[in-house]
Amino acid sequence: LSIVSYLIVQIKKQKKWQLLQKQRKITILSRPRKKYKKREKKNSKKKIKHESLIEEIKKKREEQLRKSKQLQKDINDYIDGVKTPESLRRVVDSCSTKKLCPSFELTGVCRHKNKCSKNHREIFLSNVILITGLYFNFSVEKNPMESNTNVALEFKNSGTWHYFCKFYDNIITKLKLFGEIKTLKCYWRNKKHWRANLYVQYDTKRAAAKAWKNLKGRCYNGKPLVCKFINVKSLRSVVCSLTNCPKSNEKCNYLHISKIPHNKYIQNF
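These numbers come from a predicted model, not from an experiment.

Chemist: Break down the overall build of the protein chain for me, citing the residues and quoting the values.
Modeler: Assigned secondary structure in the protein chain consists of six helices and eight strands. When the helices and strands of the protein chain are listed from N to C terminus, the series reads α-α-β-α-β-β-α-α-β-β-α-β-β-β. Only carbon and sulfur atoms are counted for the fraction: they give 54% of the accessible area of the protein chain, which is about 19600 Å².

Chemist: How would you explain the nonpolar core if you had to name every residue and give the values?
Modeler: Within soluble globular proteins, side chains that are nonpolar generally end up buried alongside one another. One finds Ile 129, Leu 175, Leu 184, Leu 198 and Tyr 202 to be the most contacted residues of the largest nonpolar core, which totals 38 residues. Mapped onto this core, the elements with two or more residues apiece are helix H1 (2-79), strand S3 (128-132), helix H5 (157-175), strand S4 (181-187), strand S5 (197-202), helix H6 (205-215) and strand S8 (226-229). Residues within four places of Leu 184 in sequence aside, it is in contact with Tyr 168, Ile 172, Leu 175, Leu 198, Tyr 199, Val 200, Ile 260 and Tyr 265. With 11 residues, the next largest nonpolar core counts Leu 130, Leu 235, Val 238 and Val 239 among its residues.

Chemist: So, the UniProt feature "zinc finger region: C3H1-type" (unreviewed entry) in the protein chain: which residues are in play, and what are the values?
Modeler: UniProt's entry tags residues 96-123 with the feature "zinc finger region: C3H1-type" (unreviewed entry), counted in the numbering of this structure. Helix and strand shares over residues 96-123 are 21% and 11% respectively, and the end C-alpha atoms of the span are 14 Å apart.

Chemist: Explain the pattern of salt bridges residue by residue, including any values.
Modeler: Applying the stated criterion across every chain yields a total of two salt bridges. Between Arg 66 and Glu 63 there is a salt bridge, and its shortest N-O distance comes to 2.5 Å. Placement of the pair is Arg 66 and Glu 63 together in helix H1, with a separation of three residues, close to one helical turn. Overall, the relative accessible area of 33% leaves Glu 63 in the partly exposed class.

Chemist: Outline H6, supporting the account with residue identities and numerical values.
Modeler: Buried within H6 are the following residues: Ala 207, Ala 208, Ala 209, Ala 211, Trp 212 and Leu 215. For H6, the capping residue at the N-terminal end is Thr 204, with a side-chain oxygen 3.3 Å from the backbone nitrogen of Ala 207. At the C-terminal side of H6, Gly 217 shows a positive phi close to 90°.

Chemist: Which residues make up the sheet that holds S3, and what values do they have?
Modeler: Here four strands make up an open sheet; going across it, the order is S4-S5-S3-S8 and the pairing antiparallel. Two strands close off the open sheet at either side, each with one partner strand: S4 and S8. On average, each strand axis in the sheet is tilted by 20° relative to the strand beside it, whichever way the strands run. Across four bridges, the pairing between S3 and S5 is antiparallel. Residue pairing for S5: Ile 129 is matched across the bridge by Val 200. Each of S3, S5 and S8 touches H6; the most contacted strand, S8, lies at about 155° to it.

Criteria and cut-off values
- Residues numbered from 1 in each chain as written.
- Predicted model: local features only at pLDDT ≥ 70, side-chain atom pairs only at ≥ 80, totals over all residues.
- Heavy atoms only, no water.
- Helix = DSSP H or I, 4+ residues; strand = E, 2+ residues; numbered from the N terminus.
- Areas by Shrake-Rupley, 256 points an atom, 1.4 Å probe, with all protein chains shown as cover.
- Core = buried A, V, L, I, M, F, W, Y, C linked by side-chain atoms within 4.5 Å.
- Buried < 20%, exposed > 50% of the residue type's maximum accessible area, 1.4 Å probe, protein only.
- Contact = heavy atoms within 4.5 Å.
- UniProt positions renumbered as here; feature names shortened; annotations may be inferred.
- Salt bridge = Lys/Arg side-chain N within 4 Å of Asp/Glu carboxyl O.
- Polar contact = N/O pair within 3.5 Å; in protein donor to acceptor, adjacent residues only side chain to side chain.
- Pairing = 2+ DSSP bridges.
- Axes fitted to C-alpha atoms, helices over the stretch in contact; angles between N-to-C directions.

Dropping the structure here:
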């Protein structure tokens, strides 16, 4: 009897152990499933957020396209002789609650671009057009660290001046087609956000609108032209007054103007 009872007890223990092992297997198998379900939930939330972001971006692009088409239509009507539409008179502030960006107000350009913490006030019609990064030459685009190397010896000042005269003759014939030019200024060898920018001041706003319409979207020297109207009354306060600046062009905080051939279009602006 004692042996039989002992065997019965052992059998019961073995069954309990087997049950425990089964439960353990079930728990082990259920763990990755729970993790997988959690991951699925996270991924589904991420997908929903991603889709919502894509929809917002699409809506913004559609809105921008609609506004650009409307702006193009208003400018075309204005060029044809219609009075200035109200949409062209409006002023847009990037951050209306903040102070105006001094660099953008004085030159129409800011090195921080859209990331600037200050307010950028933009207009849609003016007699002054800014064409960014139009003039291209190695002497303009080269790294300042290369000025003491042998690479700079291949490009003399006379060569850069000859190249600029060619550029001037080429661009002035096209800009004259849209109206009478008052002032033309090109900045080079300056900081990146000012470098190779061309400012064109026309006699009337209609002439500037014609130039904006015909130049926008075109390419020059393999680069797309980026044109915009700027509300700059004068650049005299920003231009470096020294003929031979003791600082290098890259370090000076004022604009350095290139000479205009034949001393044309150099009215005070």
